[in-house]
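Analysis of the macromolecular model
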Amino acid sequence: MIKKYSLFIKEGVIAIWLIASDLLTKLAAFSLVGDGNTYSMLDNVFSITCVRNMGATFGSFYGQKALLISLTAVVCVALLVLLIARPALPKPLRMSVIFILGGAVGNLYDRAVYGSVRDFIEYDFLKSMFDIDFAIGNVADIYLMLGVLLLIVYIFFSYKEGDFVNSSWKKFKADANV
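Throughout what follows, the structure given in this document is the object of discussion. Just so you know, these numbers come straight off a predicted model, no measurement behind them.

**Focus on the layout of surface pockets**
In this structure, the largest pocket occupies an estimated 810 Å³ of space. When residues of the lining of the largest pocket are traced back to their parent elements, those giving at least two are strand 2 (46–53), helix 2 (65–85), helix 3 (91–114), strand 3 (117–122), helix 4 (124–130) and helix 5 (139–157). Take the lining of the largest pocket: its biggest share by element is 5 residues, from helix 5. Considered class by class, the residues forming the lining of the largest pocket number 20 nonpolar, 8 polar and 4 charged.

Following this line, the structure appears as structure tokens:
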């Protein structure tokens, strides 16, 4: 029985670790530095700047908390259903979905509990080296970007016709000898 579900258990542990690491780093940053404050970690490289994002990426959808919570919840459920319904999806694709799911849940938690997303990673090197005033982010944002990057790499370099069609429970059971 455990062997049959070992894939889901492993992926669940990874997802929980991603979510926990995001929430713990947010807690640490806001506890140590304080809301609205900045602490320079490495001059002209990066700082901890604790701000609350009332919107989504780069402040888009500002103040649309209910919409953002609803959309994020729907996307999270859809990704979870994809992972469960298609257990034979290729590993790089599954990992990209887990990273996206982990990041999305971390930010969803913030929106639901705090009414905004707690951001704290300020990329000073972009401003000092390239004169780019980049958004302040968090660990969940990094996981989201890694998930999307992995998905793009998978699509361009590994995707084969039929990856989604041939990823059913029947194929999973046959491959796992369950």
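**As for the environment of isoleucine 69**
Counting through the fold element by element, isoleucine 69 comes out in helix 2. Classification of isoleucine 69 as partly exposed rests on a relative accessible area of 22%. On a C-alpha basis, the gap between isoleucine 69 and arginine 111 in space is 6.7 Å, while along the polypeptide they are 42 residues apart. Residue contacts for isoleucine 69: discarding those within four places in its chain leaves Leu108, Arg111 and Ala112.

**Digging into the pattern of salt bridges**
A complete count under the given rule lists 5 salt bridges for this structure. Note that glutamate 11 and arginine 94 form a salt bridge whose closest N and O atoms lie 2.6 Å from each other. Here glutamate 11 is found in helix 1 (residues 2–32), whereas its partner arginine 94 is found in helix 3, with 83 residues between them in sequence. Here aspartate 110 makes a salt bridge to lysine 26, at a shortest N to O gap of 3.1 Å. On the criterion of sequence distance, the pair formed by aspartate 110 in helix 3 and lysine 26 in helix 1 is long-range, its members being 84 residues apart. Exposure class is identical for aspartate 110 and lysine 26. Each is buried. Because the salt bridges share partners, they merge into one network encompassing Asp22, Lys26, Asp110 and Arg118.

**A few points about the sheet that holds strand 3**
The 3 strands lie next to each other as 1-2-3, forming an open sheet whose pairing is antiparallel. In this open sheet, the two strands that pair with only one neighbour each are strand 1 (38–42) and strand 3. Strand-to-strand twist in this sheet, taken as the mean axis angle between neighbours without regard to direction, amounts to 25°.

**Observations concerning a nonpolar patch on the surface**
Taken together, the side chains of Ile142, Leu146, Val148, Leu149, Ile152, Val153, Ile155, Phe156, Phe157 and Tyr159 present a nonpolar region at the surface, about 970 Å² in accessible area. With respect to the helices and strands, phenylalanine 156 occurs in helix 5. On the basis of relative accessible area, phenylalanine 156 is assigned to the exposed category, the value being 65%.

**Side note on the pairing of strand 3**
With respect to burial, strand 3 is a largely interior element, 5 of its 6 residues being buried. Pairing geometry for strand 2 and strand 3, over 5 bridges, is antiparallel. The residue of strand 3 that forms the bridge with asparagine 53 is valine 117.

What counts and how
Residue positions are given per chain, counted from 1 along the sequence in the order it is written. In keeping with the model being predicted, local features are shown solely for residues with a pLDDT of at least 70 and side-chain atom pairs are shown and tallied solely at 80 or more, while totals for entire chains, interfaces and linings include all residues. Only hydrogens and water are set aside; all other atoms, that is, all heavy atoms of the structure, feed into the side-chain values. A 1.4 Å probe that fits into a set of points on a 1 Å grid over the protein atoms alone but cannot get out defines a cavity; an open set with protein on both sides within 12 Å along at least five of seven lines defines a pocket, and lining residues are those with an atom within 4 Å of a point. Grid points are joined across faces, edges and corners, and a volume is the space filled by probe spheres set on the points. Working definition: helices are DSSP H or I runs of at least four residues, strands are E runs of at least two. Numbering for both runs from the N terminus. Only Asp, Glu, Lys and Arg are considered charged in this grouping, and only Ala, Val, Leu, Ile, Met, Phe, Trp, Tyr, Cys and Pro are considered nonpolar; every other residue, Gly among them, is considered polar. Summary of the burial criterion: residues with accessible area below 20% of their type's maximum are buried, those above 50% are exposed, and those between are partly exposed, where the area comes from a 1.4 Å probe applied to protein chains only. Only heavy atoms matter for contacts: two residues are in contact if any of them lie within 4.5 Å across the pair. Between Lys or Arg on one side and Asp or Glu on the other, a salt bridge is scored when a side-chain nitrogen of the former is within 4 Å of a carboxyl oxygen of the latter. We call two strands paired when DSSP finds no fewer than two bridges between them. Fitted lines through C-alpha atoms give the axes, limited to the stretch in contact for helices. The angle between two N-to-C directions lies from 0 to 180 degrees. Two joining distances apply to patches: 9 Å for like charges and 5 Å for nonpolar side chains (Val, Leu, Ile, Met, Phe, Trp, Tyr), and every residue must have over 30% relative accessible area and no salt bridge. Per-residue accessibility takes into account occlusion by the displayed protein chains alone, with areas from the Shrake-Rupley method and a 1.4 Å probe.

Honestly, it's all geometry; don't read function into it.
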